[in-house]
Amino acid sequence: MPFMTVRHFTEADIPVRTELLRENKYQTNLNDFAMSADDRALAEGMARTISEQHHTKRLFTMCGSKGQVVGFSWITSIDWRSQACELSFAVLPRYRSGFGFKAVEAAHEYLREQLHMDVIINQVLSHNTMMLSADELEANAQIRAEYDSYTVGRWRTACYWTVTRDDVRDRKLREQARRQEIADRVRAGVQGLS
Amino acid sequence: MTEIQRLDPAVAVAELRASGDSARGFLGLDPVTQNDSLLTQELESLQAQLFSAGETLVGFAPNADQPRQAYVASTSADPEPLRALLEFLATYQRCTTFVAMVPDGVEAAQGFAACGFERVGVLPRHRWQNYDWQDVLVYVGRTDTCRS
């Protein structure tokens, strides 16, 4: 069984995601509209996404190896013809230390493998160093947008960058080369011992 | 003769999802890329009906341009549930021809061949799945050659 799986978001997931929308870090790092809406309005919004908005917006549930809900990812601004979308994700607080990066990777894989997205747009507010360090964010950012969002009482700067099919292929090739190099070193070491 | 049982839309969607990879491309649907609500809406717009026969799911959607023709699909290589579906369509819908569009490599293709369908063409690179384009095979069957 794979470490992380992506499945469609269902009505049963609504209460868990509602709770996450109300969490402090979520509001600072993504958006704080949940503070101005009641539970029913939030639930209705998500139900509408499940049933009506397939062509512009999709919600997914990220699950761990035992099927437990680890977090959510969602795509917006979907351009099916150009095969581009913007990806967002939020991991439940108790899974943040271990699962965050895997969740992002699994979401990217699903979007490319099955939904045939070519270009995935990432947006991270510059103070948010939960997944990437400030230096990494700075290195990734193709665009820095000041006064991008207003969350929890302050204006926030956002870093935007795209990940294309070529980027993914290059990264995979680099990883393969690195693994090969390690394997070669180990093999050479073993031969040196005998 | 194998009995087939008509499924309500909600049950049909649940069965499609439970069928895993064999339901991908079933009447053009795909539980991996479509959520339950979208599958339900697609089934409705196709005017499709699904039936179960044991573990196998079969279904049809009428061809609006040719009322004596139906698009048919199956999740298994077993020709018997398919024969039962064709019998139903011939008897109650007066169908004379059937079209199946089967993603290359799925086992349902064997069921259509065993049932007397003729492979008439290939739609090259017709759908995207598992990081690759996939050909779709087009099968045509006729009531006089396909029914047991």
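Residues numbered from 1 in each chain as written. Chains lettered and ligands numbered in written order. Predicted model: local features only at pLDDT ≥ 70, side-chain atom pairs only at ≥ 80, totals over all residues.

Concerning the overall build of chain A
Rule in force here: Going along the chain from the N terminus, every DSSP run of H or I of four or more residues is numbered as a helix, and every run of E of two or more is numbered as a strand. With C-beta atoms placed from the backbone, the exposure class of a residue follows from how many other C-beta atoms lie within 10 Å of its own: 20 or more, buried; 12 or fewer, exposed; in between, partly exposed. Residues are defined as contacting one another if the C-beta atoms placed from their backbone atoms lie within 7 Å.
Along its length, chain A carries 6 helices and 7 strands. Taken from the N to the C terminus, the helices and strands of chain A come in the order β-α-α-α-β-β-β-α-β-α-β-β-α. Put simply, chain A has 194 residues, and 22% of those count as buried. At a minimum sequence separation of 6, the contacts of chain A that also span at least 24 residues come to 55%.

Notes on the pairing of strand β6 (residues 143–151) of chain A
Residues and elements named next belong to chain A. For clarity, the cut-off: Pairing between two strands is assigned when DSSP locates at least 2 bridges connecting them.
Pairing geometry for β6 and strand β7 (residues 154–163), over 6 bridges, is antiparallel. Bridging across to β7, S149 finds its partner in R156. Two successive antiparallel strands, β6 and β7, enclose a turn made up of 2 residues, where V152 displays a positive phi of approximately 40°.

Quick word on the domain arrangement of chain A
The following threshold applies: Just so you know, the domain bounds were taken from an automatic or database domain assignment.
Domain assignment breaks chain A into domain 1 (5–163) and domain 2 (166–194). Of note, the centres of domain 1 of chain A and domain 2 of chain A, computed from C-alpha atoms alone, are 33 Å apart.

Description of the nonpolar core
A general tendency of soluble globular proteins is for nonpolar side chains to be buried together. Definition in use: When buried Ala, Val, Leu, Ile, Met, Phe, Trp, Tyr and Cys residues are joined through C-beta atoms within 7 Å, the set is termed a nonpolar core.
L16, V58, L85 and A100 of chain B are the most contacted members of the largest nonpolar core, which has 38 residues in total. No other element matches helix α3 (residues 79–92) of chain B, which puts 5 residues into this core.

Looking at unusual backbone geometry
Residues and elements named next belong to chain A. In this model, H116 sits at a positive phi of 60°, which is unusual for a non-glycine residue. With respect to the helices, strands and loops of the structure, H116 is situated in the loop between α4 (96–113) and β5 (119–125). Its 16 C-beta neighbours within 10 Å are what place H116 among the partly exposed residues.

A short note on the interface of chain A and chain B
Operational definition: Amino acids outside the nonpolar list (Ala, Val, Leu, Ile, Met, Phe, Trp, Tyr, Cys, Pro) and the charged list (Asp, Glu, Lys, Arg) are all regarded as polar, and Gly is one of them.
Counting residues at the interface gives 9 residues for chain A, matched by 9 residues for chain B. Those elements giving two or more residues to the side of chain A that touches chain B turn out to be α3 (39–51) and α4 of chain A. For the side of chain A that touches chain B, the residue count by class is 2 nonpolar, 5 polar and 2 charged.

Side note on the sheet that holds β5 of chain A
Residues and elements named next belong to chain A. Note the following rule: An axis is simply a line fitted to the C-alpha atoms; with a helix, the fit covers only the stretch in contact. Between two such axes, the angle follows the N-to-C directions and lies from 0 to 180 degrees.
Read from one edge to the other, the open sheet built from 7 strands follows the order β1-β2-β3-β4-β5-β7-β6, with strand pairing classed as mixed. Here the strands that pair on one side only, and so sit at the sheet edges, are β1 (5–8) and β6. Going from strand to strand, the sheet's axes swing by 35° on average, the running direction of each strand aside. Alignment of strand β4 (residues 84–91) against β5, held across 4 bridges, turns out to be parallel. Along β5, the bridge assignment pairs C85 with I120. With respect to the sheet, α4 is in contact with β1, β2 (58–63), β3 (69–79), β4, β5 and β7, its orientation differing from that of β4 by roughly 155°.

Some details on α3 of chain B
Note the threshold: Helix span, as expected, comes to 1.5 Å for every residue beyond the first.
Its 14 residues place the ends of α3 of chain B 20 Å apart at the C-alpha level, agreeing with the 20 Å of an ideal helix rising 1.5 Å per residue. Of the positions making up α3 of chain B, those classed as buried are P79, E80, P81, L82, R83, A84, L85, L86 and L89 of chain B.

So, the environment of G105 of chain B
Among the secondary structure elements, G105 of chain B is positioned in the loop between β5 (97–103) and α4 (108–114). Taking the C-alpha atoms as reference points, G105 of chain B and E44 of chain B, separated by 61 residues in sequence, lie 27 Å from one another.

Observations regarding the pairing of β5 of chain B
All names here are of chain B. Going by this rule: By definition, the crossover connecting two strands over a helix is right-handed if that path, from the first strand to the second, turns clockwise as seen with the strands pointing away from the viewer.
Across 3 bridges, the pairing between strand β4 (residues 69–74) and β5 is parallel. Across the sheet, the residue bridging to Y71 is V99, located in β5. With α3 bridging β4 and its parallel neighbour β5, the resulting β-α-β unit is right-handed. Relative to strand β7 (residues 132–142), β5 is paired through 7 bridges, and the arrangement is antiparallel. Bridged to V99 within β7 is V140.

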